[in-house]
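# Geometric and topological summary
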Amino acid sequence: MSDVVGLYILNHRGELIYLQENTLPSSKELDPDYLSNFFTTLQTIAQKIGEEEVKIIDLGNSKFFLTKDKLTGIEFILKCEKNIKQKKVFETHKKIINLFIEKFIGNYNASEQTKTFLMNSFMKDLAEIIGRGEKIEYDINTLKID
């Protein structure tokens, strides 16, 4: 899916589990810590004004799609081109979440070796959904449920 600019997966504490950016980073790189804090603040504001959750945010030339797994608290954020069709993104978002859960369910507290193997498998399958990233980072130590 060429309209996906980036994928950010954060744990329940807002720590980066996985980052993939599909375009060459510009001079203004996106900091996942700020991204997490920003979306957490927006979620809090939404709840205070009676909304259940924030799912789509337009910012500049990008559109962000957010989904949080209620069981684990893991957040999946897709950064897309502004003109992308929402239905297409929701389908892609669902595929990514299902893939992540399929790979890691029951293994959040597994050994580092097991998590590394699963992450490599996840990245291979993810490339078929949103392409190979220009920049990929992950931290398997943040992939845990406590």
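Per chain, the residues get numbers from 1 upward, laid out in the order the sequence is written. In keeping with the model being predicted, local features are shown solely for residues with a pLDDT of at least 70 and side-chain atom pairs are shown and tallied solely at 80 or more, while totals for entire chains, interfaces and linings include all residues. Each side-chain value is worked out from all heavy atoms of the structure, with water and hydrogens disregarded.

### Some remarks on the sheet that holds strand S5 (residues 75–81)
For clarity, the cut-off: For two strands to be treated as a pair, DSSP must find at least two bridges joining them. Secondary structure elements follow DSSP: runs of H or I no shorter than four residues count as helices, runs of E no shorter than two count as strands, and numbering proceeds from the N terminus. Here an angle of 0 to 180 degrees is reported between the N-to-C directions of two axes, which are lines fitted to C-alpha atoms, with helices fitted over the stretch in contact. Here, two residues are considered to be in contact whenever any of their heavy atoms come within 4.5 Å of each other.
Across the sheet, six strands lie side by side as S3-S4-S5-S1-S2-S6; this open sheet has antiparallel pairing. Every interior strand has two partners, whereas the edge strands, strand S3 (56–59) and strand S6 (135–138), have only one. Looking at each pair of strands side by side, their axes are set apart by 15° on average, direction ignored. Pairing analysis gives four bridges linking S3 to strand S4 (residues 62–68), with the strands arranged antiparallel. What sits directly across from Ile56, in S4, is Phe65. Of the strands in this sheet, strand S1 (4–10), strand S2 (16–21), S3, S4 and S5 touch helix H2 (residues 86–104), which is tilted by about 145° from S5. Across the sheet, helix H3 (residues 112–130) lies against S1, S2 and S6, angled at about 35° from S2, the strand it touches most.

### Things to note about the packing of H2 against H3
Just so we agree on the cut-off: To sort the angles, those under 35 degrees are grouped as roughly parallel, those over 145 as roughly antiparallel, those from 65 to 115 as roughly perpendicular, and the leftovers as oblique. Here is the rule for handedness: rotate from the far helix to the near one, and if that takes an anticlockwise turn smaller than a right angle the crossing is left-handed, while a clockwise turn gives right-handed. Three classes are used, and their members are as follows: Ala, Val, Leu, Ile, Met, Phe, Trp, Tyr, Cys and Pro are nonpolar, Asp, Glu, Lys and Arg are charged, and the others, Gly among them, are polar.
The N-to-C vectors of H2 and H3 enclose an angle of 160°; their axes lie 10 Å apart at closest approach. Regarding the angle of H2 to H3, the classification is roughly antiparallel. Of the two elements, H2 crosses H3, and the hand of that crossing is right-handed. Counting all contacts with H2, which are made through Thr92, Lys95, Ile96, Leu99, Phe100, Lys103 and Phe104, the residues of H3 involved are Lys115, Leu118, Met119, Ser121, Phe122, Asp125, Leu126, Ile129 and Ile130. Class assignment for the residues of the contact of H2 with H3 results in 10 nonpolar, two polar and four charged.

### Quick look at the pattern of salt bridges
For clarity, the cut-off: Each reported salt bridge corresponds to a side-chain nitrogen of Lys or Arg within 4 Å of a carboxyl oxygen of Asp or Glu. Burial here depends on accessible area, computed with a 1.4 Å probe over protein chains only, as a share of the maximum for the residue type. Under 20% is buried, over 50% is exposed, and the range in between is partly exposed.
This structure, assessed with the given rule, holds two salt bridges. As a salt-bridge pair, Asp125 and Lys103 come within 2.8 Å of each other at their nearest N and O atoms. In this pair, Asp125 is assigned in helix H3 and Lys103 in helix H2, connecting sequence segments 22 residues apart. A salt bridge links Glu137 to Lys135, with the shortest nitrogen-to-oxygen separation between them at 3.5 Å. Using a relative accessible area of 35% as the deciding quantity, one classes Glu137 as partly exposed. Lys135 gets classed as buried once you look at its relative accessible area, which sits at 17%.

### Details of H3
The test is simple: Helix span is expected to be 1.5 Å times the residue number reduced by one.
Counted at 1.5 Å a residue, the expected span for H3 with its 19 residues is 27 Å, and the 26 Å between its end C-alpha atoms agrees. Taken together, the buried positions of H3 are Lys115, Leu118, Met119, Phe122, Met123, Leu126, Ala127 and Ile130. Taken together, the buried residues of H3 touch S1, S2, H2 and S6. Positive phi shows up at Gly131, right after H3, with a value of about 90°.

### Quick word on the packing of aromatic side chains
To keep things clear, this is the line we draw: Whether two aromatic rings pair depends on their centres lying within 6.5 Å, for rings of Phe, Tyr and Trp, where Trp uses its six-membered ring; planes under 30 degrees apart make the pair stacked, over 60 edge-to-face, and the rest tilted.
Inspection of the entire model under this criterion finds six aromatic pairs. Summarising the aromatic geometry, the rings of Phe100 and Phe104 are spaced 4.8 Å apart at their centres and angled 40° between planes, so their arrangement reads as tilted. Placement of the pair is Phe100 and Phe104 together in helix H2, with a separation of four residues, close to one helical turn. Residue classification places Phe100 among the buried residues on the basis of a relative accessible area of 0%. Clustering of aromatic rings is evident, with ring pairs tying together Tyr18, Phe76, Phe100, Phe104 and Phe122.

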